[in-house]
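Listed here are the chains, written in short residue letters.
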There are 8 protein chains.
Amino acid sequence: ERRMDQKLIKEILEKVRAGTLSINQALEDLRDLPYEDIGYAKLDLHRSLRTGFPEVVFCQGKTAKQAAEIVKKLSEHHEKILATRVTKDVADTIYASVPEGKYYPEARMFVVNKTKKNNKRHDHGKYIMVLTGGTADIPVAEEAAVTAEAMGSRVERSYDVGVAGLHRLLAQKDKIIRANVLIVVAGMEGALPSIVGGMVSRPVIAVPTSIGYGASFGGLSALLAMLNSCASGVAVMNIDNGFGAGYFAHLVNK
Amino acid sequence: ERRMDQKLIKEILEKVRAGTLSINQALEDLRDLPYEDIGYAKLDLHRSLRTGFPEVVFCQGKTAKQAAEIVKKLSEHHEKILATRVTKDVADTIYASVPEGKYYPEARMFVVNKTKKNNKRHDHGKYIMVLTGGTADIPVAEEAAVTAEAMGSRVERSYDVGVAGLHRLLAQKDKIIRANVLIVVAGMEGALPSIVGGMVSRPVIAVPTSIGYGASFGGLSALLAMLNSCASGVAVMNIDNGFGAGYFAHLVNK
Amino acid sequence: ERRMDQKLIKEILEKVRAGTLSINQALEDLRDLPYEDIGYAKLDLHRSLRTGFPEVVFCQGKTAKQAAEIVKKLSEHHEKILATRVTKDVADTIYASVPEGKYYPEARMFVVNKTKKNNKRHDHGKYIMVLTGGTADIPVAEEAAVTAEAMGSRVERSYDVGVAGLHRLLAQKDKIIRANVLIVVAGMEGALPSIVGGMVSRPVIAVPTSIGYGASFGGLSALLAMLNSCASGVAVMNIDNGFGAGYFAHLVNK
Amino acid sequence: ERRMDQKLIKEILEKVRAGTLSINQALEDLRDLPYEDIGYAKLDLHRSLRTGFPEVVFCQGKTAKQAAEIVKKLSEHHEKILATRVTKDVADTIYASVPEGKYYPEARMFVVNKTKKNNKRHDHGKYIMVLTGGTADIPVAEEAAVTAEAMGSRVERSYDVGVAGLHRLLAQKDKIIRANVLIVVAGMEGALPSIVGGMVSRPVIAVPTSIGYGASFGGLSALLAMLNSCASGVAVMNIDNGFGAGYFAHLVNK
Amino acid sequence: ERRMDQKLIKEILEKVRAGTLSINQALEDLRDLPYEDIGYAKLDLHRSLRTGFPEVVFCQGKTAKQAAEIVKKLSEHHEKILATRVTKDVADTIYASVPEGKYYPEARMFVVNKTKKNNKRHDHGKYIMVLTGGTADIPVAEEAAVTAEAMGSRVERSYDVGVAGLHRLLAQKDKIIRANVLIVVAGMEGALPSIVGGMVSRPVIAVPTSIGYGASFGGLSALLAMLNSCASGVAVMNIDNGFGAGYFAHLVNK
Amino acid sequence: ERRMDQKLIKEILEKVRAGTLSINQALEDLRDLPYEDIGYAKLDLHRSLRTGFPEVVFCQGKTAKQAAEIVKKLSEHHEKILATRVTKDVADTIYASVPEGKYYPEARMFVVNKTKKNNKRHDHGKYIMVLTGGTADIPVAEEAAVTAEAMGSRVERSYDVGVAGLHRLLAQKDKIIRANVLIVVAGMEGALPSIVGGMVSRPVIAVPTSIGYGASFGGLSALLAMLNSCASGVAVMNIDNGFGAGYFAHLVNK
Amino acid sequence: ERRMDQKLIKEILEKVRAGTLSINQALEDLRDLPYEDIGYAKLDLHRSLRTGFPEVVFCQGKTAKQAAEIVKKLSEHHEKILATRVTKDVADTIYASVPEGKYYPEARMFVVNKTKKNNKRHDHGKYIMVLTGGTADIPVAEEAAVTAEAMGSRVERSYDVGVAGLHRLLAQKDKIIRANVLIVVAGMEGALPSIVGGMVSRPVIAVPTSIGYGASFGGLSALLAMLNSCASGVAVMNIDNGFGAGYFAHLVNK
Amino acid sequence: ERRMDQKLIKEILEKVRAGTLSINQALEDLRDLPYEDIGYAKLDLHRSLRTGFPEVVFCQGKTAKQAAEIVKKLSEHHEKILATRVTKDVADTIYASVPEGKYYPEARMFVVNKTKKNNKRHDHGKYIMVLTGGTADIPVAEEAAVTAEAMGSRVERSYDVGVAGLHRLLAQKDKIIRANVLIVVAGMEGALPSIVGGMVSRPVIAVPTSIGYGASFGGLSALLAMLNSCASGVAVMNIDNGFGAGYFAHLVNK
């Protein structure tokens, strides 16, 4: 479409040069050119600068067939596709039509990535550290990790280092302190990001999970705790939003 | 009243012995004795076993004059009175009529204690440790500490050891580990009890405070975090309920 | 690992003594020794003092196979394992691989306990009293009771003594008053802990349950009521957290 | 107004009888008679049956002058006026222009009642019992009591009989059991109505108060507890709605 | 048990009369008689005055077999049993063992009533009116109606007279005005009780239902609306608590 | 019924004219005519002016059989029926008995419309524009669109023009600006109505959807955002209430 | 600014015609013209079509001086200014510098309107009806009414016609039914819009107010009730948003 | 303290070299060195790497005197101090004792910065863009901007570019797109971060403000909207937490 717009403007300009169109009329014509298309072109231009950014499909609530069709269609025009919240069954169906993709069961993601070579350029020592409070938080953490890796970041993982056993966290201190950006995933009381935030001088992205019961109220408890973190340098994602955390972390890391 | 009941029963029994009252009628009379008074007597008996327990006056929302009158009146019959949420002005008014009491400004408490000697018996090495996340939590912590001390417990304090600066907490590790019971006071993300709970094998009483702003929602954030603590051995009090924590801790400690 | 650290430090010291390492360099080397490992050793030491404490597996959301594998693995190194939220089916699967364990259907727990003899030492008259408001609260109460028993406490039970029929509660008064610590489990209006708290001078651990409908909001009603208890000496656990209550009560009782 | 309507209809009918109005036109005229006026008349008729019912003025948020003007105006046409949430200052201003009224400071009410004699008819032994959990609940309880008395009911009061001291409540058992209807006012954990509901076989009207702090959330805690009462025969009013409770109780009692 | 107590007291009295027991010792023995049993006896006595009151079984969450066993057992000692939240399947199972009962499918109740004759005495013209806003509210309304009928009240029903079609409600005006007490059941905006409360001078019991979607939040919307009713004379039950409303209404009506 | 009322009044008038009924008696008879029926007649008259308005059946929670019976019955007396929240299975059952209707699977609606010709009159250029933020919002949007169309409005659709890709929205600017009224359907952050409201000077009806997860809390997030819209000219419907939006928009549009 | 853009484009076109700028370069230059300025021009054009629309100043939280300065400045370039939430003191200050404006104390608005003549064109019989449930809702209603009038709509008012006295509402039926659009303002249970919605076939704009106490939770109760209205044709504004309602109603009415 | 530890270790090492301490005993001594102090030293080391990081004082709730004392004391040992939530009065008091600091009234901050020269190193073209939806959001935005500037980042501001007037936002497009990291501050519906997030491929930090009324619930509305942003690359801070946003943004930017 962008080319069409340019063609239209070119025609107007050529008529102006040829003297077959008055300047006032040209002015009028240009103003009538659909505003939004020019806008679209510009945004598109900008968008084309975002090479390496994935298309994302949120599969929860979609049938296996629907998910497969969307991924298939996107795979014809895009280099990277991240399908999230993909159960094993849905993954099998997608894989049948998009065999170049790969399923990450722990992350519940199906990833198509045709640009793996280019990712190397990011692998210059800077890495994203992904931590979880418990083992039940791992699916959300893996969603974050796989997303960031698919976008080209190096990722280090350290799971089940929750606050009730501080020594496990402290045992990872060196790796934590050297990370360029950190994703901290926790449910229940959501305290881990505050502690990690107190240990580092790099941005910490906190992801509350819906892990817990009773007064965890589906992740509300962890969410509020993270928003109220007494540590500076902590920002918060929606409950269970591993993808968003991985995406944000990659933007910081790149 | 209890003596009255006993007198009534005694009279019945005497009439039975004297033969002036049939057993069936005595049975009837006994059943008609006010249930509640017997109950009161029994409960009272039990209550009298609770020597050393304070009478408590919650002064928030009371005028200085009202507070002073209540404390004055209680001081005539009780050995220990704890007045909580006492501002400086109210304390001055109470003190004018109850000069044997003492004001603790940080705890916002006015304490009358005529039994100080007896408290020594509790001071056998076992102590309650009171910790706070920040300096703003200190009034609640002091309310807990002064309450427990007034009841006869030994108390150790360590304030401003919040999770964002873990080293300050770890610097108190030895004192923390040797405590018999711990009170952990924190606002905002309320993470401190979870960490302390992971360090000790003694009961931890968590007290959320209304310290914070925005999504702390008047202490809700800290409250939920504490209820969802991933550490075993943590129980929770109402927001800002320092008195309750001190009382509970003393029950455990004694 | 702790031994490894000691070996490293020993080597440094030996080199210092041998004069092959300058004191400044030794100082440097010592500072480079991983902080966390020393910490880990210390904490571990402390942890080893906690003999008799169980490993806990929260089975809700785990498959029977996953739960069985975890319990199996833990049973190789630990004396006590408490698996909670275990359905009959999951219990059967665990039992197939860990036949030394035992299933408590009402508590929905699978318990492995190789140290039963030692528990006798706690059985010196002091007991935990577990009360419920209704019959529907019994599973949570049993989770508390079985946990405390597995840890070595003596437990007395009295169920269905809710506030709407006060006489049933009063009928248990003597047993209640003599308890060392009490666990009170209730859903709906959550009033029972307040009444029990008014009867005793020992710590009361209140456990709200998700029993109820409509404005009980999954236990929120009972939780708030318990946090606002007008009785002193009441602390609160998360909704349905029977395990936590049993654990906490044992810490107080031992 | 009702008489006006009747006059209009009468005129139509007379014209019909006189033959000066066709039946179809009369039909049309009748249909055009304002529906609402007939309705108003009918409802008014019904309203006139409600002799003894007060006009009510909610004074919170009104200036002393506004409140006084409204009460003054109402007092010209009505026998009973209940002004609620009246501070001392506002009461003084009202009293200046309506000296036949009386101020009840504890209830924060200003009452005009020109029909005191008639109230005697209700005083046939049946009474409303008003109970409170604590002393801070008394203003709401008095609002209920004064309302019911102004409407003609006999009221018995028993305050500060909260659940943490069961013996005080049991000491009132006989009076409680003989009440025709009960109003139970409580803040904090709101447990009292459940216990009273279990003691009686008469309707219990529960009134939560905003007394408390922290997780009482302005009376929400007590409100939820009362809605979830495990005792049958308990209905609930809005937080602090003493007037509503007194009004409802009188309707039941009369 | 009550008889046992009497036997014990009788023995004491006989020993006193026989001179084999001193009065002081008798006094002591009497005081040692379990407080609670006397209480139980007294309460039981009082309870026996409540003839006509049903035993209630809340069947939600119970298996058909459990429900049937409880109803069966209760039916051996009680005249009236109300089982609520009974699905068709559960009802069939109960009926198999308690064929004297009857199932009310709309009310989802199973009722055993061996005292039908006695109920006639209440049928003296006074009736409870049960209204619903919509057809979806009928199950809750029927639970209320069947409960009140089983307890001996006469009930009139008028369903689907919600506020969006005022004429349907007004068409029932006469029956509404003559009712002795009214139960108004509504979901969604919960406005009906306010309107009915404005039409009558009798107590209105408002029952919010969980009917609705989105911002009805499971009945919260209707519950809050009813608590805030601008009409005097409205008290509120828990969401979907038809049984409670019927019970309360009968207490008022009898 | 209206005719019945008129007949009754006519008879009274005829008797008056015939002199067989005194005016006073006629007055009495007229007053005895059921108030509500006159009201009903009037309202009915007004209702009859609402030609073209549909009867609505909310099918969620109804069995296929129940839904079919209601639609069948309504179809005998009404020209337009809108059944909402109709799954494919339910639609098949309805269709079997009401074959003149049509199922709209995306809108989950079954529509009976016997007056299609008349709708043309509304098709005079004015149209309702329906926009959605994402593809998952389409069912709610289609419910709105099909409702408005069934009532006689012209509808233009533009879906998946959410705020994260502003160019897609701007590409529809001309169609948006020319709309007479707009329905904007969005979940998650619910920002779209604010932006559309800033672009147009016509009424914008915002419909939050329950699309989202975590802190979207079933549509609460979008609902609050829409209520707080900084754009003037935005009014809000209940979560997922596409029908209400279509109905309201048609009232504005006609 | 728009003229500036046009001048820039004109220059480019003139250079093209003059041959001093290649078409490709012109294409480049045009693309570099700030996207947003073109957009601004276009939107501005559209905005200029909105003659008669006011500039709005929300004065809550502003000092009298700040408010006066903003209104003063706006009054130099705009024909209509609506300042909302204006206290008497603030109004006096504004009036001192903008004497052509007028203060509406009940609406708490200060209005500058230099185009009063033009408003007449809207006064063609169509009117907005503004209703309130109580007298305390009047400030919000007046804010709506004054806003709509300032924009050029005719407004009819009917206040204090709440649902608890249905006859007062019905007395206004004719005026209600003939309105073109209705604004219904109510606090507490928020039932009025549902009833009005059932009486008319025109759009009803519901405005919840923060009037009430206890479980009204600052207007939440009324807000939820209105969102859940069982009447079709009701849309909802934010709590206390009288201005928004008046604005929206005018958009519908014009 | 760190130096003390080193001295202790040095002494041990010297004794080892001198042969006056056995290696085993040295091992023992080293293990007895307070764990926490070593940890403290290490963390301190790491902390010392954080040159340029400020000490922060949250002044809300502190008296002018308290605030001044804290800032004074910190200013003796630290290069940068940020005091937040500083009213004019408090600022004057601080300034009196710390005249080297500067007050930023819009940001409500008092800043001491002795290292201004060093900040230049960050000013290499990369900048943080701070945007607000309205003018009322500016204090929070300024808190963010001043914080980031004090830490050494370059900041560009663009205020009052909210979603209801899209053209104002688009007019800043170029500056927005070139920013390295963005802070977007908005109250009410909180939509701005979603739109900005859709325009850029850099991290967006969303800050909800408590600006608004009614259903904004103190910023909850904006907070939820931001957490549910449909744009990738958005992370969220606590309500009104401008300081946190500025701090986080600087961590990303440096």
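Everything here concerns the structure above.
Residues numbered from 1 in each chain as written. Chains lettered and ligands numbered in written order. Predicted model: local features only at pLDDT ≥ 70, side-chain atom pairs only at ≥ 80, totals over all residues. Heavy atoms only, no water.

Check the secondary structure of chain A and you find 12 helices and 9 strands. A separation threshold of at least 6 residues defines the contact pool for chain A, and within that pool the share at least 24 residues apart is 68%. Counting every atom, chain A has about 9,700 Å² of accessible surface; 51% of that belongs to carbon and sulfur. (Helix = DSSP H or I, 4+ residues; strand = E, 2+ residues; numbered from the N terminus. Contact = heavy atoms within 4.5 Å. Areas by Shrake-Rupley, 256 points an atom, 1.4 Å probe, with all protein chains shown as cover.)

So, about the environment of F:Val98. On the secondary structure map, F:Val98 appears in the loop between helix H5 (88–97) and strand E3 (102–104). Spatially, the C-alpha atoms of F:Val98 and F:Gly219 are 34 Å apart, while their sequence positions differ by 121 residues.

We now examine the interface of chain B and chain D. If you look at the interface, chain B gives 12 residues, while chain D gives 10 residues. Roughly 1,100 Å² of surface becomes buried between chain B and chain D when both sides are summed, with 65% attributable to carbon and sulfur atoms. At the surface where chain B touches chain D, the tally comes to 0 salt bridges. Seen at the junction of chain B and chain D, the total is 3 residue pairs in polar contact (both at pLDDT 80 or more). (Buried area = accessible area lost by both parts, 1.4 Å probe. Salt bridge = Lys/Arg side-chain N within 4 Å of Asp/Glu carboxyl O. Polar contact = N/O pair within 3.5 Å; in protein donor to acceptor, adjacent residues only side chain to side chain.)

The next point concerns the side chain of G:Thr132. Residue and element names in this part refer to chain G. Following the sequence through the fold, Thr-132 ends up in strand E5 (residues 127–132). Accessibility expressed as a relative area gives 0% for Thr-132, which makes it buried. A polar contact is formed between the side chain of Thr-132 and the backbone oxygen of Gly-134, at a distance of 2.8 Å. The residues contacting Thr-132, other than those within four sequence positions of it, are Asp-137, Ile-138, Ala-141, Ser-158, Tyr-159, Asp-160, Val-161, Gly-162, Val-185 and Leu-192. (Buried < 20%, exposed > 50% of the residue type's maximum accessible area, 1.4 Å probe, protein only.)

This part takes up the relation of the copies chain H and chain A. Copy one and copy two of the chain differ by a rotation about a common axis and a shift along it. Overlaying chain H with chain A gives an RMSD of 0.2 Å, the required rotation being 180° about an axis along which the chain moves by 0.1 Å. Such a combination of turn and shift is consistent with a two-fold rotation axis. In terms of proximity to the rotation axis, the leading residue of chain H is H:Val236, whose C-alpha is 2.5 Å off the axis. Counting the interface residues of chain H, we find that 100% of their copies in chain A are interface residues as well, pointing to one common contact surface. (Least-squares fit on C-alpha atoms with pLDDT ≥ 70 in both.)

Before going further, it helps to spend a moment on the interface of chain H and chain A. Think of interface size as the accessible area that goes away when the parts come together; that is how it is often given. Between chain H and chain A, the contact holds 33 residues from the first and 33 residues from the second. Counting each side, the surface lost to burial between chain H and chain A is near 2,700 Å², with a carbon and sulfur contribution of 62%. Of all residues in chain H, H:Ser201, H:Leu227 and H:Phe248 bury the most surface against chain A, accounting for 20% of the area lost on that side. The interface formed by chain H and chain A holds 0 salt bridges in total.

This next bit is on the relation of the copies chain B and chain D. Relative to chain D, chain B is turned by 91° and slid 0.2 Å along the rotation axis, the superposed coordinates differing by an RMSD of 0.3 Å. Expressed as an axis order, the relation between the two copies is that of a four-fold axis. If distances are taken from each C-alpha of chain B to the rotation axis, the shortest is found for B:Phe217, at 7.2 Å.

Across the 8 residues of helix H10 (residues 192–199) of chain D, 8 count as buried, placing the element largely inside the fold. Every buried residue of H10(D) is listed here: D:Leu192, D:Pro193, D:Ser194, D:Ile195, D:Val196, D:Gly197, D:Gly198 and D:Met199.

Time to look at the sheet that holds strand E2 (residues 80–84) of chain G. Residue and element names in this part refer to chain G. Pairing is mixed in the open sheet, where 4 strands are placed in the order E1-E2-E4-E3. On the outer flanks of this sheet lie strand E1 (55–58) and strand E3 (102–104), each paired with one strand and no other. Geometrically, the sheet is characterised by an average inter-axis angle of 20° between neighbouring strands, direction not taken into account. Two elements, E3 and strand E4 (residues 109–113), share 3 bridges in a ladder whose sense is antiparallel. Each residue of the ladder has a partner; that of Tyr-103, found in E4, is Phe-110. The sheet strands contacting helix H7 (residues 138–151) are E2, E3 and E4, and the helix crosses E4 at an angle near 5°. (Pairing = 2+ DSSP bridges. Axes fitted to C-alpha atoms, helices over the stretch in contact; angles between N-to-C directions.)

Let's shift gears to the side chain of H:Asn113. Residue and element names in this part refer to chain H. Counting through the fold element by element, Asn-113 comes out in strand E4 (residues 109–113). Of the residues examined, Asn-113 reaches a relative accessible area of 13% and is grouped as buried. One polar contact links the side chain of Asn-113 to the main-chain carbonyl oxygen of Ala-150, over a distance of 3.4 Å.

Residues and elements named next belong to chain B. Strand order in the open sheet formed by 4 strands is E1-E2-E4-E3, and the pairing between neighbours is mixed. The outermost strands of the open sheet, each flanked by one partner alone, are strand E1 (55–58) and strand E3 (102–104). Between one strand axis and the next, the sheet turns through 20° on average, direction left out of account.

Inspection of every chain in the model, using the stated rule, returns 52 salt bridges over all chains. We note a salt bridge from B:Asp92 to B:Lys88, for which the minimum N-O separation is 2.9 Å. Linking B:Asp92 with B:Lys88, this pair stays in helix H5 (residues 88–97), spanning 4 residues, or about one helical turn. Looking at B:Lys88, the relative accessible area reads 49%, which means it is partly exposed. Where salt bridges share partners, they join A:Arg85, A:Arg108 and A:Glu143 into one cluster.

Attention now moves to helix H4 (residues 64–75) of chain H. All names here are of chain H. Look at H4: 16 Å from first C-alpha to last across 12 residues, which is about the 16 Å you get at 1.5 Å a residue. Those residues of H4 not exposed but buried are Ala-67, Ala-68, Val-71, Leu-74 and Ser-75. One side of H4 carries all its buried residues, which in axial view fall inside an arc of 135°. Exposed side chains of H4 directed beyond 90 degrees from the buried face belong to Lys-65 and Lys-73. Those residues of H4 hidden inside the fold are in contact with strand E1 (55–58), strand E2 (80–84), helix H5 (88–97) and E4. (Expected span 1.5 Å × (residues − 1). Arc of directions from axis to C-beta.)

With that settled, consider the packing of aromatic side chains. The final tally for this structure, using the stated rule, is 22 aromatic pairs over all chains. Ring centres of F:Tyr95 and F:Phe110 lie 6.5 Å apart, and the angle between their planes is 70°; on these two criteria the pair is classed as edge-to-face. Taken together, the residues F:Tyr95 in helix H5 and F:Phe110 in strand E4 (residues 109–113) connect sequence positions 15 residues apart. Since its relative accessible area comes to 45%, F:Tyr95 is described here as partly exposed. For the cation-ring pair, H:Arg85 lies above B:Tyr213, with the distance from its terminal atom to the ring centre recorded as 4.5 Å. (Phe/Tyr/Trp six-rings, centres within 6.5 Å; stacked < 30°, edge-to-face > 60°. Lys NZ or Arg CZ within 6 Å of the ring centre and 35° of its normal.)

Residue and element names in this part refer to chain E. With their axes 7 Å apart at the nearest point, helix H7 (residues 138–151) and helix H12 (residues 242–253) run at an angle of 35° to one another. Considering only the axes of H7 and H12, their crossing is right-handed. Every residue of H12 that contacts H7 at Val-140, Glu-143, Ala-144, Thr-147, Ala-148 and Met-151 is listed here: Gly-242, Phe-243, Ala-245, Gly-246, Tyr-247 and His-250. Class assignment for the residues of the contact of H7 with H12 results in 7 nonpolar, 4 polar and 1 charged. (Left-handed = near helix turned anticlockwise from the far one by under 90°. Nonpolar A, V, L, I, M, F, W, Y, C, P; charged D, E, K, R; others polar.)

Residue and element names in this part refer to chain E. In terms of residue burial, strand E5 (residues 127–132) counts as a mostly covered element, since 6 of its 6 residues are buried. Alternating positions in E5 separate into two faces, Tyr-127, Met-129 and Leu-131 on one and Ile-128, Val-130 and Thr-132 on the other, with burial throughout. Across 5 bridges, the pairing between E5 and strand E6 (residues 154–158) is parallel. Counted as the bridge partner of Leu-131 is Ser-158 from E6. Handedness of the E5-H7-E6 crossover: right-handed. Strand direction decides the pairing type here: E5 and strand E7 (residues 181–186), joined by 5 bridges, are parallel. What sits directly across from Met-129, in E7, is Leu-182. (Right-handed = clockwise from strand over helix to strand, strands pointing away.)

Residue and element names in this part refer to chain F. Within E4, 5 of the 5 residues are buried, leaving the element largely enclosed by the surrounding structure. Side chains Met-109, Val-111 and Asn-113 project from E4 onto one buried face, and the interleaved Phe-110 and Val-112 project onto a second face that is buried too. When strand E2 (residues 80–84) meets E4, the two strands line up antiparallel, connected through 4 bridges. Bridging across to E4, Leu-82 finds its partner in Val-111.

Structurally, a disulfide amounts to a covalent bond that connects the sulfur atoms of two cysteines. Under the counting rule described, the total for this entry stands at 0 disulfides over all chains. With no disulfide of its own, D:Cys59 lies 18 Å from the sulfur of E:Cys230, the closest cysteine sulfur. Overall, the relative accessible area of 3% leaves D:Cys59 in the buried class. (Disulfide = S-S within 2.5 Å.)

Moving on: unusual backbone geometry. Notably, B:Met188 is not glycine yet its phi reads approximately 50°, a positive angle. When you line up the elements, B:Met188 lands in the loop between strand E7 (181–186) and helix H10 (192–199). Non-glycine residue E:Phe217 carries a positive phi angle of around 45°. By the secondary structure assignment, E:Phe217 is in the loop between strand E8 (204–208) and helix H11 (220–227). Looking at E:Phe217, the relative accessible area reads 29%, which means it is partly exposed.

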